[in-house]
Amino acid sequence: MADRVAVSCAREATTGSEVVVRRSARARRYRIEVKRDGTAVLTIPARGSAREAQAFLANQAAWLARARERVARMPRPAPAWTHGTSVLFRGEWLPIEPHATRAGVVSLGGREFRVRAATSDLRLALEAQFKRIAKVELVARAWELAATHGIQIRRVSIRSQRTRWGSCSSKGTISLNWRLVQAPPAVADYVVLHELAHTRHMNHSTGFWRAVAELCPGWREAERWLKANGPALGL
């Protein structure tokens, strides 16, 4: 569990800004990351000390400042989706366009979606349809990729995770975030293949990343897209 603490290792040496400190039994090294809301999270190994954590934090001060600036510049989800709002779909920013003759119908890049004619915010209606698309297309694609690579899985589910694109259980259940229909198809494939690799390695070891590279040679480009565009999708 992560807690906001007031000890010295939870303060940035340069600005005094608070950092969330998490002690992890699984962590092998000190690690710091910046969440999409700008919060810095410092992970300390089970046998780590406050003194070492403070030294690590001070050494990472310049990187942390740059990371927070980068996160601050990232696009954020639009507060409301109305006619003219640009929405990510299939990896493209497409404006929501009203149908010329049919009330309650809008289009994204030529694909039509039915919404309530009197609704001012179209987000819920469009996201509901994105979820339906995901339940058909992402599930089918996951089974297809598993069969192509000879990987056994038990089930594929579509979820609405707020912090991850997908997951894989030890029993072989693949869970995928419905927002992947908003990503380029190649990026969605990468997430599926990433989770399929977890059926062989339930960790992020060197062996795991070797398996990912074999399944998806372009995984680095896909990771960059996810990191750059995740905040715009609320992840």
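Here goes a summary of the coordinates provided. Worth saying up front: this structure is predicted, and the values here are computed from it rather than measured.

Criteria and thresholds
- Residues numbered from 1 in each chain as written.
- Predicted model: local features only at pLDDT ≥ 70, side-chain atom pairs only at ≥ 80, totals over all residues.
- Heavy atoms only, no water.
- Helix = DSSP H or I, 4+ residues; strand = E, 2+ residues; numbered from the N terminus.
- Buried < 20%, exposed > 50% of the residue type's maximum accessible area, 1.4 Å probe, protein only.
- Contact = heavy atoms within 4.5 Å.
- Areas by Shrake-Rupley, 256 points an atom, 1.4 Å probe, with all protein chains shown as cover.
- Pairing = 2+ DSSP bridges.
- Axes fitted to C-alpha atoms, helices over the stretch in contact; angles between N-to-C directions.
- Core = buried A, V, L, I, M, F, W, Y, C linked by side-chain atoms within 4.5 Å.
- Expected span 1.5 Å × (residues − 1).
- Bend = angle between axes of the 7 residues up to and from the residue.
- 1 Å grid on protein atoms, 1.4 Å probe; cavity = no way out; pocket = protein on both sides within 12 Å on 5 of 7 lines; lining within 4 Å.
- Points joined across faces, edges and corners; volume = space filled by probe spheres on them.
- Nonpolar A, V, L, I, M, F, W, Y, C, P; charged D, E, K, R; others polar.

**A short note on the overall build of the protein chain**
Part 1 of the argument: Across its full length, the protein chain carries six helices and twelve strands.
Part 2 of the argument: Counting every position in the protein chain, which comprises 235 residues, the buried fraction comes to 46%.
Part 3 of the argument: Restricting the contact set of the protein chain to residue pairs at least 6 apart, pairs at least 24 apart contribute 45%.
Part 4 of the argument: Accessible area for the protein chain stands at about 13,200 Å²; split by element, carbon and sulfur atoms hold 51% of it.

**Quick look at the sheet that holds strand S12 (residues 173–177)**
Part 1 of the argument: Reading across the sheet, the three strands line up as S10-S12-S11 and stay open at both edges, with mixed pairing between neighbours. The strands lining the two open edges of the sheet, one partner per strand, are strand S10 (155–159) and strand S11 (166–168). Taking the axes of each pair of neighbouring strands and ignoring which way they run, one obtains an average angle of 15° across the sheet.
Part 2 of the argument: This element, helix H3 (residues 123–148), spans S10 and S12 of the sheet and lies at about 145° to S10.

**Focus on the nonpolar core**
Part 1 of the argument: Within the largest apolar cluster, 51 residues are counted, with the highest numbers of intra-cluster contacts made by Phe130, Leu176 and Leu196.
Part 2 of the argument: The biggest single contributor to this core is H3, with nine residues.
Part 3 of the argument: Not counting chain neighbours up to four residues away, the residues in contact with Phe130 comprise Trp81, Val87, Leu88, Phe89, Leu108, Phe113, Trp178, Val181 and Gln182.
Part 4 of the argument: One finds Val19, Ala40, Leu42 and Leu64 within the second-largest nonpolar core, a separate group that totals 14 residues.

**So, H3**
Part 1 of the argument: If you check H3, its first and last C-alpha atoms are 35 Å apart, about what 26 residues at 1.5 Å a residue would give, namely 38 Å.
Part 2 of the argument: Its maximal kink placed at Ala134, H3 deviates by approximately 35°.
Part 3 of the argument: When H3 is considered as a whole, its buried residues turn out to be Arg123, Leu126, Glu127, Gln129, Phe130, Ile133, Ala134, Leu138, Val139, Ala142, Leu145 and Ala146.
Part 4 of the argument: Positive backbone phi, at 65°, marks Gly150, one or two positions downstream of H3.

**A look at the environment of Glu195**
Part 1 of the argument: Within the secondary structure, Glu195 sits in helix H4 (residues 185–197).
Part 2 of the argument: Each C-alpha atom of the pair Glu195 and Gly172 lies 9.5 Å from the other, and the pair is 23 residues apart in sequence.
Part 3 of the argument: In this structure, Glu195 is in contact with Gly166, Ser167, Cys168 and Ile174, ignoring residues within four places of it in sequence.

**Details of the sheet that holds strand S8 (residues 105–108)**
Part 1 of the argument: Reading across the sheet, the three strands line up as S7-S8-S9 and stay open at both edges, with antiparallel pairing between neighbours. The open sheet has two free edges, formed respectively by strand S7 (97–98) and strand S9 (111–114), since each of these has just one partner strand.
Part 2 of the argument: Where S7 and S8 come together, two bridges link them in antiparallel fashion. For Pro98, the partnering residue across the bridge sits in S8 and is Val106.
Part 3 of the argument: Helix-sheet contacts for H3 involve S8 and S9, and the interaxial angle to S9 is about 120°.

**Quick notes on the layout of surface pockets**
Part 1 of the argument: Size it by volume and the largest pocket reaches roughly 2,600 Å³.
Part 2 of the argument: Lining of the largest pocket is provided by 43 residues; of these, Arg31, Glu33, Lys35, Thr163 and His204 occupy positions nearest its centre.
Part 3 of the argument: Sorting the residues of the lining of the largest pocket by element identifies strand S2 (20–24), strand S3 (31–34), helix H2 (61–73), S11, H4 and helix H6 (219–229) as the ones contributing at least two each.
Part 4 of the argument: Looking at side-chain class alone, the lining of the largest pocket contains 17 nonpolar, eleven polar and 15 charged residues.

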